[in-house]
Amino acid sequence: MRSDPRASFGLKTAAWGAIAFLHIPLALIILYAFSAEDKSYVFPPPALTTQWFGVAWQREDVWAAITLSFEVAAWSTAVAVVLGALAAAALARASFFGRDAISLLLILPIALPGVITGIALRSAYGTLHIPFSFWTIVIGHATFCVVVVFNNAIARLRRLQPNLIEASMDLGADGFQTVRHIILPQLGSALLAGALLAFALSFDEVIVTTFTAGQQTTLPIWMLQELIRPRQRPVTNVVAVVIIALTFVPILAAYWLTRADEPVHR
Amino acid sequence: MNAAQALPAAAGGLQRRISDLLYTRRGLLLLALLAPPLLWFGVIYLGSLFALLANAFFGIDDFTGQVVREFTLQNFVEIGNPANLDVVRRSVTMAVAVTLTCVLIAFPLAYFMARYATGTQKAALYIAVMLPLWSSYLVRLYAWKLLLAREGAISWLAHELHLVWLLDALLSLPAIGGPSLSFSAIGTFTVFVYMWLPFMILPVQAAIERIPGSYIEASSDLGASPALTLRKVILPLALPGIAAGSIFTFSLTLGDYIIPQVIGDSTRYIGQVVYMQQGVAGNLPFAAAFSLVPIVVVGVYLWLAKRLGAFDAL
């Protein structure tokens, strides 16, 4: 299969170097959350402490931001799962005029720079005189989350054996019963994986959100304000670790649920 | 499979009739499935894009700052002024540099993952690439603020390795240097490469995985050196993957306005100009017109990538 079963030293070094490049910054975030220093980003941290976790826990603005982000992500995910699953069901096997245009349309919100989706929604709200609200954020998020659910669902639907569906129909089940008893049980874990990734994507989104949130502060917007004008470095360090922990769980779960399908793509 | 027995004898009624109708009229089923997503995307998303397009042709009243809904091409004339063209040129240069660097870093890892890693190691490497791709953009940006700060880890490392002179020499370079790494174009560039690297690794890996091992054996049997095999066999066959990855690295760099705002000197990129024009300056029409620039550039780029076969690798 291979011309040489062992990789050369240079190739190994370059490969593991790239992995280190990807992960050292993440490791640093965890270290800084325990840093006793609160005035600068000095390295190495002069001393280690866990006190900032307690301080961050007490912060109401952080809790408010986390709550808002959770609610936005939950609603956006719900909308994205319904729309993504329907689109995947329609496009999985059918071939018709405009099919490629539809999949392009679904991918467009993440293929075009986020600033364009953001400002497009912003100008639509402005033109229609729609005031900023919780729902203006959800509409934006749901739009770019659909493609994630769609990708996972369509990969699973393509693997689904059509003769199972035919067998179900032959045995006298109608279309709705077939969907409920045959298709959904097999599609379920792919939909769940898509939902988890959509949730992670929405929970983390900042570029579109800055255009559609008005004065509301989601967790990423809170984080962005701290990045531009650092006011409480230790609390920010802790929040950064919490965000990493909160997003790693759905990502790993989604990977585990779909590891037999095609690789997970955005 | 006893599932069928467990089902109630299919009820005659309405449900059956709808089911039969949808089964026999495939078009109707398709319409029922597609109507909700198409309505959402057609009305909300495309509607917004058209609102954006319309705004680009509106003007702004200099005294009241209100949008004037009259057709004008003034915004597009303004894009042509030297300061704005400079922004476009700088953004495109950055996007090209970031894309090329991502290819250089991603290729060895992608090649290792595709041809040498097996079993657990392969799964672990895949997760190691996917986790940063999906994990928080802002937290990763924050990590670089820590790394690049004057008192941060990179300065410390340079000091420990007695390489401070090298760092200073790097920072004193004209145009890309600056007072510290976090206030220089070098910093902006490094963070862009870091952020979009996973988007390059995964499609390149997929492309290399599809190259049959026999091609590489044939090449070496015919006397080609590994370097020649890489250049004549592997690279051309991996090109669609590279093109697919570059769509992300290029488009994401072009539209980002947060990274250069947090890490970098005060020079601006396309995304920042769009953001500031609609926010601080309150000139939505000009922001709308300027945001069409990355659409056009990305469009041209996609057309080039399509010619390289990038879409077969997505």
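Residues numbered from 1 in each chain as written. Chains lettered and ligands numbered in written order. Predicted model: local features only at pLDDT ≥ 70, side-chain atom pairs only at ≥ 80, totals over all residues.

### A short note on the interface of chain B and chain A
And then number 1: Listed as interface residues are 84 residues of chain B and, on the opposing side, 78 residues of chain A.
And then number 2: Broken down by element, the residue count for the side of chain B that touches chain A peaks at 15 residues, all from helix 3 (residues 26-56) of chain B.
And then number 3: Partitioned by chemical class, the residues of the side of chain B that touches chain A number 62 nonpolar, 16 polar and six charged. (Contact = placed C-beta atoms within 7 Å. Helix = DSSP H or I, 4+ residues; strand = E, 2+ residues; numbered from the N terminus. Nonpolar A, V, L, I, M, F, W, Y, C, P; charged D, E, K, R; others polar.)

### A look at the nonpolar core
And then number 1: Grouped together as the largest cluster of nonpolar side chains are 172 residues, with contacts concentrated most on Val149 of chain A together with Ala106, Ala110, Trp196, Leu197 and Val204 of chain B.
And then number 2: Per-element tally for this core: the top contributor is helix 10 (residues 185-209) of chain B, with 18 residues.
And then number 3: Valine 149 of chain A has contacts with Ala80, Val81, Gly84, Ala85, Leu191, Gly194, Ala195 and Ala198 of chain A, leaving out every residue within four places of it along the chain. (Core = buried A, V, L, I, M, F, W, Y, C linked by C-beta atoms within 7 Å. Buried ≥ 20, exposed ≤ 12 C-beta atoms within 10 Å, placed from the backbone.)

### Points about helix 10 of chain B
And then number 1: For helix 10 of chain B, which comprises 25 residues, the first-to-last C-alpha distance of 35 Å matches the rise-based estimate of 36 Å (1.5 Å per residue) to within 8%.
And then number 2: Along its length, helix 10 of chain B reaches its greatest deviation from straightness, about 45°, at tryptophan 196 of chain B, and the proline proline 198 of chain B lies no more than four positions downstream. (Expected span 1.5 Å × (residues − 1). Bend = angle between axes of the 7 residues up to and from the residue.)

### Quick look at the environment of arginine 122 of chain A
And then number 1: Positionally, arginine 122 of chain A belongs in helix 5 (residues 114-127).
And then number 2: Of the residues examined, arginine 122 of chain A has 26 C-beta atoms within 10 Å and is grouped as buried.
And then number 3: On a C-alpha basis, the gap between arginine 122 of chain A and valine 208 of chain A in space is 9.1 Å, while along the polypeptide they are 86 residues apart.
And then number 4: Ignoring sequence-local partners within four residues, the contact set of arginine 122 of chain A consists of Phe211 and Thr212 of chain A together with Gln278 of chain B.

### Describing the environment of serine 91 of chain B
Residue and element names in this part refer to chain B.
And then number 1: Tracing the backbone shows serine 91 in helix 5 (residues 82-115).
And then number 2: A tally of 24 C-beta atoms within 10 Å means that serine 91 is categorised as buried.
And then number 3: For the pair serine 91 and leucine 308, spaced 217 residues apart in sequence, the C-alpha separation works out to 23 Å.
And then number 4: What serine 91 contacts, discounting residues up to four positions off in sequence, is Leu254, Tyr269 and Ile270.

### Considering the domain arrangement of chain A
All names here are of chain A.
And then number 1: Each domain of chain A was delimited in the assignment, giving domain 1 (6-48) and domain 2 (60-257).
And then number 2: Computed over C-alpha atoms, the centres of domain 1 and domain 2 are 30 Å apart.
And then number 3: At the interface, seven residues of domain 1 touch seven residues of domain 2. (Domains from an automatic or database assignment.)

### Quick word on unusual backbone geometry
And then number 1: Positive phi, normally seen in glycine, also occurs at histidine 129 of chain A, with a value near 55°.
And then number 2: Within the fold, histidine 129 of chain A resides in the loop between helix 5 and helix 6 (134-159).
And then number 3: Located in the positive-phi region is histidine 162 of chain B, a residue other than glycine, with phi close to 55°.
And then number 4: As for its placement among the helices and strands, histidine 162 of chain B is situated in the loop between helix 8 (153-160) and helix 9 (164-171).
And then number 5: Residue class for histidine 162 of chain B comes out exposed when judged on the 8 C-beta atoms lying within 10 Å of it.

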